[in-house]
Number of protein chains: 2
Amino acid sequence: MNAPATALAEVTDAARHGAKAARLARLIAAGAPVPPGFAFPDDAAPEALAPALAALEAQSGLGFGAPERPLLLALRSSPVETAAPSSPAILNIGLTRDTLPGLAARVGDRAAADLRRRLIQAFAPAAMGADAELFESLLYDRMKFSGVESEDALSLAALKALETEYLAAVEEDTGERFPEDARAQLSLAIAAMRTAWAAPTARILRGARGLAPDSAQALIAQTMTLGVGPGSSGAGFATTRSEEDGAPGFQGRYLAQAQGEDALMGLRTPRLLTEGARREAAQTAPSLEAEAPDAATKLEAQAALAELTLGDACRVEFTLEAGELHILDAQPLRPTARGAVRIAVDLAEAGVIGREAALLRIDPSTLTSHLHPTVSARAPRDVIGAGLPASPGAATGAIVFSSEAAETLAAREQAAILVRVETSPEDIRGMHAASGVLTARGGMTSHAAVIARGLGAPCVVGASDITLDIEGRTLTTADGRVLHEGDIVTIDGSAGEALAGSPELVQPEISGAFAVLMKWADEVRRMKVRANADTAQDAKVAIGFNVDGIGLCRTEHMFFEKNRITTMRRMILAADEHARRAALAELLPMQRSDFIGLFEIMAGLPVTIRLLDPPLHEFLPHGPREMNELAEAMGLPLKVVTRRAAEMREFNPMLGNRGCRVGVTYPEIYEMQARAVFEAAVAAGEKTGEPVIPEIMIPLVSANREMELLERIVERVAEQVRGESGAALCYRIGAMVETPRAALRAGDLAATAEFLSFGTNDLTQMTYGLSRDDAGRFMRDYVAKGVYPEDPFHTLDVEGVGELILLAAERGRARAPGLTLGLCGEHGGDPASIRFCELARFDYISCSPFRLPIARLAAAQARLLSPDSS
Amino acid sequence: MNAPATALAEVTDAARHGAKAARLARLIAAGAPVPPGFAFPDDAAPEALAPALAALEAQSGLGFGAPERPLLLALRSSPVETAAPSSPAILNIGLTRDTLPGLAARVGDRAAADLRRRLIQAFAPAAMGADAELFESLLYDRMKFSGVESEDALSLAALKALETEYLAAVEEDTGERFPEDARAQLSLAIAAMRTAWAAPTARILRGARGLAPDSAQALIAQTMTLGVGPGSSGAGFATTRSEEDGAPGFQGRYLAQAQGEDALMGLRTPRLLTEGARREAAQTAPSLEAEAPDAATKLEAQAALAELTLGDACRVEFTLEAGELHILDAQPLRPTARGAVRIAVDLAEAGVIGREAALLRIDPSTLTSHLHPTVSARAPRDVIGAGLPASPGAATGAIVFSSEAAETLAAREQAAILVRVETSPEDIRGMHAASGVLTARGGMTSHAAVIARGLGAPCVVGASDITLDIEGRTLTTADGRVLHEGDIVTIDGSAGEALAGSPELVQPEISGAFAVLMKWADEVRRMKVRANADTAQDAKVAIGFNVDGIGLCRTEHMFFEKNRITTMRRMILAADEHARRAALAELLPMQRSDFIGLFEIMAGLPVTIRLLDPPLHEFLPHGPREMNELAEAMGLPLKVVTRRAAEMREFNPMLGNRGCRVGVTYPEIYEMQARAVFEAAVAAGEKTGEPVIPEIMIPLVSANREMELLERIVERVAEQVRGESGAALCYRIGAMVETPRAALRAGDLAATAEFLSFGTNDLTQMTYGLSRDDAGRFMRDYVAKGVYPEDPFHTLDVEGVGELILLAAERGRARAPGLTLGLCGEHGGDPASIRFCELARFDYISCSPFRLPIARLAAAQARLLSPDSS
């Protein structure tokens, strides 16, 4: 068995003594003035601590419970799991009726009496079960009686009277007398710390952070540095960098005649540390620098030392006792997402940490905060609701009044703005799905505000000037306008306003520390990161994020444009191939010009073009008015058009005549698309001087024969375009692996396909037998009940879908060792899924343009964490 | 190199000399009077045949091309692949101007002249490219000139004149003189046989039978037995059994003064073989028995010998030459499906073949012809159309006017009657999907009639009294009634009538040879064969087919009954759990009584009950009238009911909130069903005295956590029912493996499930990403283009779906060696899929009741063909 207690300076094992004890040991080793103490498991018998206590007495020259030169102890929690919340410390242990005079000899009568009051007020509720409010109200009454505003203004007499009242209250409330023996106080305090740690609420809190509720804490008994008494005495905290933006600079707060976290409690206004800060804040109370320049200088040096020692920006907790500086702890700063990037980069550039450590320190998903678009200053603002700027950035989308509706739109890749009176935990999935959030009630710390900031989603809360009818699905503005579900609005989370329509948004730039971090990520990562980009607009955004190419261009979106959809519909409803070809001939130049745009922007980079994928009936009009228009445009009776459209409807469109089935059934459609691609490649290549090698991707393959048939068509068109243009046209052809069968038969596919790109959205749908459009209704329930650990549409299901992917990768490469493997679809921007792709040694991932930085960093991290990275 | 020619008696290798040559060798060895000859590859050089020819001359005492005692040869095709169609034989080779007198000395002048005419008429078109019609017309003219009705009545003089005319015609038409050298004739004939075999049409024919177009033929040169000449001379065929029903009995046809297939050509009326047959047919021409009793007796003995020798009922081809019997071939009979069973069983019972051979000889899918229901004689007949009885049996279903509609209904497991003016090859898939076929045009050999008989589907063709409007989707009867798509009709294929509505059908009984075959199959097979049965009616049919239990009882069908659907709908649209439970309490006794019925019928046999599977909205009303009724029944505003129903609608119901997801979302539904099952098990067990061990099957599982959650619910209900009833209730719980993920995670599932049943319909849908409801539109195209070798919904896709099944079987059994594995769904009745299940060592398969005999035989065959069967 280990010795029950270990001197703080000798702690090495954070798994045994907790991160705090280990951190203090490192600070001690670095020479920081940390008060001596010892660490022990929280179930150690108090008697077993005697040797350590004796050593501490010897070291400090004080005696625990000794009437002369009494030693006071602070008892602190040091959870073994870094992320576990610790219980509050119990201070001033050992201050008994007998040791009070000895303490008074050191700090004066008044300070000693104040410390005694503090001990009773904190100890009785924590260790004896007394009601804390009793003491608050006695203190309040006494202050009132004494005519003072703050407890540090109470006189010695008042404090003595208060002590008497406190002791009586303890006895009355608990039936026990306050323990006047130092060792009895310590035993009770240890038991209290143990009880607090094991309390149900503490267990739930640990569970909520994803920790084992049973994870352990160690305890630290440490010599008290008093912070109360003569000279410059007090407590506070200091940092070397701004939590807000990570910028370097010594700053912090200090409260005279204070202990522990008093400076954070807001009972009195704390002072600033430097004269500069004081001037800037126009504070009259002197700064620490002015009051105790030596201490301030030492503190700044200690903060820098802590940063160097711990390899991270820290919040240093300190106490001044009669002008002498003591360091109580140095916890890692919790900066904003932007701040974290700045700090990691600065530390790495200063050589405090390595670049790899800097890369690994940033949670990729927090980068969204760097990527918020903002409403253009030039854009007209039609404000429909004003509230609090709860989460910055701007987002445009369709109004929805329920989380389900938000999820449904998201599943169809349409932006939704979730509008609620206020949000509750049930809305989290909806908020995740929404592009922005607007609530009528709530403040900056309301549920909606907190969650939206966490998600990085633009959010306006407390827009009390709007009126919501959630049942009736309307939003009424202050000026009486009524907006309905589906109406387009824009959330300006930075300004705290909701705007009608879609004002121009300005895309963020990558610069400063963020740009440096991205550069390092690009140097480290092995996988290419491509974008899912359907339009020149998307492609430009992607280029701005230093993309490696386009991994998925969905050609169908091009057909939905106003001036094309009628031609598309004529093609779909054509009575025969001849009529179909005539409509396709009209679509050809439109597609070609789209592709030329893409190829020019992506000059020299690969562009993967997926041939038409959705069931054709998705393009058909739904309402009678549109149907009528189409009938007129086609010169056909409405009845005929309506009947043909009805005949195309499918029971399960996801599993219907879509993807390459359309290409097999109507080869002329894929012929036209291939021609548009090839002609565009020739044209763009000539213009930019960079040869374009388009990658043609065949969607929804389930058998290699589909690939063979379509490859033949594509090659025939390529041959024609070569003949017509005289250009040396090259292209690659590949299969989109979206059906389980395609994954199983990847060995066959690799005989024809030069690349396989996993469409994990569909592959997940098929593997689970679960439609993303329909899963929203019960997914919340499913994740809550732990049926699925995560929504498999957000994080790749490694056990099921992942196995199919690995199997396909293995079989494909066994057949064709040079086969290119990629992943497109939502998972391409999910760090956990990217990690999976690295382990499977994919060649690239492809994600939406705005997730590119996340994917680049995640790819770098995945590479660093990969077993074969070195 | 092998010797170019092999004496017929010495042929052993059918792969070299073809099945015909090998068969003849076996007949010779058995002592049959087969004319001697030799076999050789069709590309052998004629000179290389000299030794064999010399041996033949020596054996027969005749000389090829010799003026005295000339040897004539027949040249026959012997395809290496048994199923390949052979080219017609060329007869009488070697009959030249020089050998004619020698032949005349043997058979007389007139017969010799007739043989000469036959040679020229057959040889010139086959070997010299002459136009066959030239000779037909010269023959016709000559018969007219001579005033005779048949070529055997032509005089010697007329035949001589005809020879002259024929020779002139040859020279005129081909520019070549007719070869008057025996060896030249032989060389030309061999070349002609080779050319005919390699001709495009022959290649296409072989391809159409699924053979390699390049498969080879051998040739047989055989001593001619003339069939023309003095005494009893002629040709014919005899069998030992009826092709119609397989009943034993010597029978056949004989044509005097005839060669080859003359008796089948219908130029003259052939005679019958026995006096009995002659009397029965009231034929005046004497039977062979009467004309040549010795030859008839010998022929009967030879037919029996051939059956014994070849182990199958045969059609024996024979020639009589001057009263002497020669056997030219003995090909396996091609009986009807019923006849095949009778013959196989008779042969096995007679010890000619083993029982295993008998079992393997029957194509299971042909058994449907034994399984036709018939319209009850007591049922009233409302005839709506009368035509020809093209394919026997009766079927009831909804009228459809297109193959697509038939396939759509079939996909939903609803019976369709396909009504067409006439059918074309494009309708084959629709006919396959339909339960019966009705056409307005066509005869007994029309496309519809032939295909329907092949499929075993009841069919009436040529119902000219109905009027069809295929576009408008109506059928108008002779008496002016108009029927629409969806109206229920019944096809009586045995009577040739279509009836309105659904008259009572009488189910077939298993008896006679069929029953014996089934008994043998049951003795041989290892796998259990269960039925998919939802109702007591289904269960009774299954019991009649000697079922081993119910493998799939779909509980949802029970809710569609008129008096239940409203309660079901109230349950579905209930505002909260309380209201839902109230409706479920009403459904409980109904389900319980259904289950009691099933358990009583299946006393002692396992019954697998699948808990509710379809998306709940499938139960909701669609039309406004029904919606109104429901609103009234629920006492709710129509608007509310309509809205709730609309909210439940899904984009892809197949991938939506269905299967166990419903059970997880609304546990009270599965609770009610489990209670109904358990209470019924207790009640039925008490009544029949046979303990019922129900098997509860959880549908559409994708994660084992679903199984765990639902198993807990089921067990809790079981515990309650045990407590309430005091019965020792046992049950088994299992998972239906329908999603690829369930297959991949079968190892997990086996921790909870006691059995896994593969629902291959859904599993195929998910693996291909292909909805059966929607695939009909393009499946024809897909199979035609060879994208899929077969419709994967009919025959299990071994490469994709099959791999998932094997993987699941392996993982499930690795986790739980005693795990029961079964397959339900359409593939459970498909012989190829059953073979797969045997190889995977499944415990059972389950199919629709009427396919049970097919499945039982297929399971027996699969066992016999399995590598580990012995």
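- The name given to chain A in an unreviewed UniProt entry is Pyruvate, phosphate dikinase, and the organism recorded there is Pikeienuella piscinae.
- Recorded in UniProt under Function (unreviewed entry), the annotation for chain A is "Catalyzes the reversible phosphorylation of pyruvate and phosphate."
- Database annotation for chain A, UniProt heading Cofactor (unreviewed entry): "Mg(2+)".

### Looking at the pairing of strand 18 (residues 436-439) of chain A
All names here are of chain A.
Piece 1. Side chains Gly436 and Leu438 of strand 18 all project onto a buried face; the interleaved residues Val437 and Thr439 project onto the opposite face, where all are buried too.
Piece 2. Bridge count between strand 17 (residues 416-420) and strand 18: four bridges; the pairing is parallel. Note that in strand 18 the partner of valine 419 across the bridge is leucine 438.
Piece 3. Two strands pair when backbone bridges link them, and strand 18 and strand 19 (residues 459-461) are joined in this way by two bridges, in the parallel orientation. Each bridged residue has a counterpart across the sheet, and for valine 437 the counterpart in strand 19 is cysteine 459.

### As for unusual backbone geometry
All names here are of chain A.
Piece 1. In this structure, arginine 69 takes a positive phi of about 40 degrees despite not being glycine.
Piece 2. Among the structural elements, arginine 69 can be located in the loop between strand 3 (63-64) and strand 4 (70-71).
Piece 3. Judged by its relative accessible area of 54%, arginine 69 falls in the exposed class.
Piece 4. Backbone geometry at alanine 322 places phi at a positive 50 degrees, although glycine is not the residue there.
Piece 5. Residue placement: alanine 322 occurs in the loop between strand 11 (314-321) and strand 12 (324-332).

### Focus on helix 1 (residues 14-29) of chain A
All names here are of chain A.
Piece 1. In this model, helix 1 (16 residues) spans only 15 Å end to end at C-alpha, well below the 22 Å of a helix rising 1.5 Å per residue.
Piece 2. At lysine 20, helix 1 shows its largest kink, close to 70 degrees.
Piece 3. Next to the buried residues of helix 1 lie strand 1 (6-7), strand 2 (37-41), strand 5 (73-79), strand 7 (217-223), helix 12 (293-310) and strand 12.
Piece 4. N-cap assignment for helix 1: the residue whose side-chain oxygen lies 3.0 Å from the backbone N of alanine 15 is aspartate 13.
Piece 5. Downstream of helix 1 by a residue or two, glycine 31 has a phi angle that is positive, lying close to 95 degrees.

### Description of the relation of the copies chain A and chain B
Piece 1. Rotating chain A by 179 degrees about the axis while translating it 0.0 Å along that axis superimposes it on chain B, leaving an RMSD of 0.4 Å. Taken together, the rotation and translation relating the two chain copies correspond to the operation of a two-fold axis.
Piece 2. The overlap is high: 100% of the interface residues of chain A also sit at the interface in chain B, so the same surface is used on both sides.

### Observations concerning the packing of aromatic side chains
Piece 1. This model, assessed by the stated rule, comprises 24 aromatic pairs over all chains.
Piece 2. Plain terms: the ring middles of A:Phe559 and A:Phe619 are 6.3 Å apart, the flat faces sit at 80 degrees to each other, and that makes the pair edge-to-face. Remark: A:Phe619 occurs in the loop between strand 28 (607-610) and helix 22 (624-634) and A:Phe559 occurs in the loop between strand 27 (550-554) and helix 20 (562-572); sequence separation between them is 60 residues. Here A:Phe559 and A:Phe619 have matching classes, each one buried.
Piece 3. Pairing B:Tyr254 with B:Phe318 gives two aromatic rings, centres 6.1 Å apart and planes at 10 degrees, and the pair type is stacked. Residue B:Tyr254 is located in strand 9 (residues 248-256), and its partner B:Phe318 is located in strand 11 (residues 314-321); the two are separated by 64 residues in the primary sequence. Comparing B:Tyr254 with B:Phe318 shows no difference in burial state: the two are buried.
Piece 4. In textbook terms, an aromatic cluster arises when at least three aromatic residues are bridged by ring pairs, as seen for A:Tyr768, A:Phe778, A:Tyr782 and A:Tyr788.

### Considerations on the UniProt feature "binding site: substrate" (unreviewed entry) in chain A
All names here are of chain A.
Piece 1. Under the local residue numbering, the UniProt record ascribes the feature "binding site: substrate" (unreviewed entry) to Arg554, Arg610, Glu738, Gly759, Thr760, Asn761 and Asp762.
Piece 2. Relative to the helices and strands, arginine 610 is located in strand 28.
Piece 3. Leave out the neighbours within four places in its chain, and arginine 610 touches Leu552, Cys553, Arg554, Thr555, Glu556, Met697, Pro699, Met736 and Glu738.
Piece 4. By the secondary structure assignment, aspartate 762 is in helix 29 (residues 760-768).
Piece 5. Of the residues examined, aspartate 762 reaches a relative accessible area of 9% and is grouped as buried.

### Some remarks on a negative patch on the surface
Residues and elements named next belong to chain A.
Piece 1. A cluster of acidic residues, Asp131, Glu133, Glu136, Glu172 and Asp173, forms a negative patch on the protein surface.
Piece 2. Residue assignment for the negative patch shows that the elements contributing at least two residues are helix 5 (132-146) and helix 6 (156-174).
Piece 3. Tracing the backbone through its elements, the reader meets aspartate 173 in helix 6.

### Here we look at the packing of helix 13 (residues 337-349) of chain B against helix 18 (residues 512-524) of chain B
Residues and elements named next belong to chain B.
Piece 1. Relative to each other, helix 13 and helix 18 sit at 65 degrees, their axes nearing to 9 Å. With respect to helix 18, the element helix 13 is oriented roughly perpendicular. Between helix 13 and helix 18 the crossing geometry is left-handed. Counting all contacts with helix 13, which are made through Val341, Arg342, Val345, Ala348 and Glu349, the residues of helix 18 involved are Ala513, Phe514, Val516, Leu517 and Trp520.
Piece 2. Residue composition of the contact of helix 13 with helix 18, by class: eight nonpolar, no polar and two charged.

The rules behind the values
- Residues numbered from 1 in each chain as written.
- Chains lettered and ligands numbered in written order.
- Predicted model: local features only at pLDDT ≥ 70, side-chain atom pairs only at ≥ 80, totals over all residues.
- Heavy atoms only, no water.
- UniProt positions renumbered as here; feature names shortened; annotations may be inferred.
- Buried < 20%, exposed > 50% of the residue type's maximum accessible area, 1.4 Å probe, protein only.
- Helix = DSSP H or I, 4+ residues; strand = E, 2+ residues; numbered from the N terminus.
- Pairing = 2+ DSSP bridges.
- Expected span 1.5 Å × (residues − 1).
- Bend = angle between axes of the 7 residues up to and from the residue.
- Contact = heavy atoms within 4.5 Å.
- Polar contact = N/O pair within 3.5 Å; in protein donor to acceptor, adjacent residues only side chain to side chain.
- Least-squares fit on C-alpha atoms with pLDDT ≥ 70 in both.
- Phe/Tyr/Trp six-rings, centres within 6.5 Å; stacked < 30°, edge-to-face > 60°.
- Patch = residues over 30% accessible without salt bridge, like charges linked within 9 Å, V, L, I, M, F, W, Y side chains within 5 Å.
- Areas by Shrake-Rupley, 256 points an atom, 1.4 Å probe, with all protein chains shown as cover.
- Salt bridge = Lys/Arg side-chain N within 4 Å of Asp/Glu carboxyl O.
- Lys, Arg positive; Asp, Glu negative; His and termini not counted.
- Charge placed at Lys NZ, Arg CZ, Asp CG, Glu CD.
- Axes fitted to C-alpha atoms, helices over the stretch in contact; angles between N-to-C directions.
- Parallel < 35°, antiparallel > 145°, perpendicular 65-115°, else oblique.
- Left-handed = near helix turned anticlockwise from the far one by under 90°.
- Nonpolar A, V, L, I, M, F, W, Y, C, P; charged D, E, K, R; others polar.

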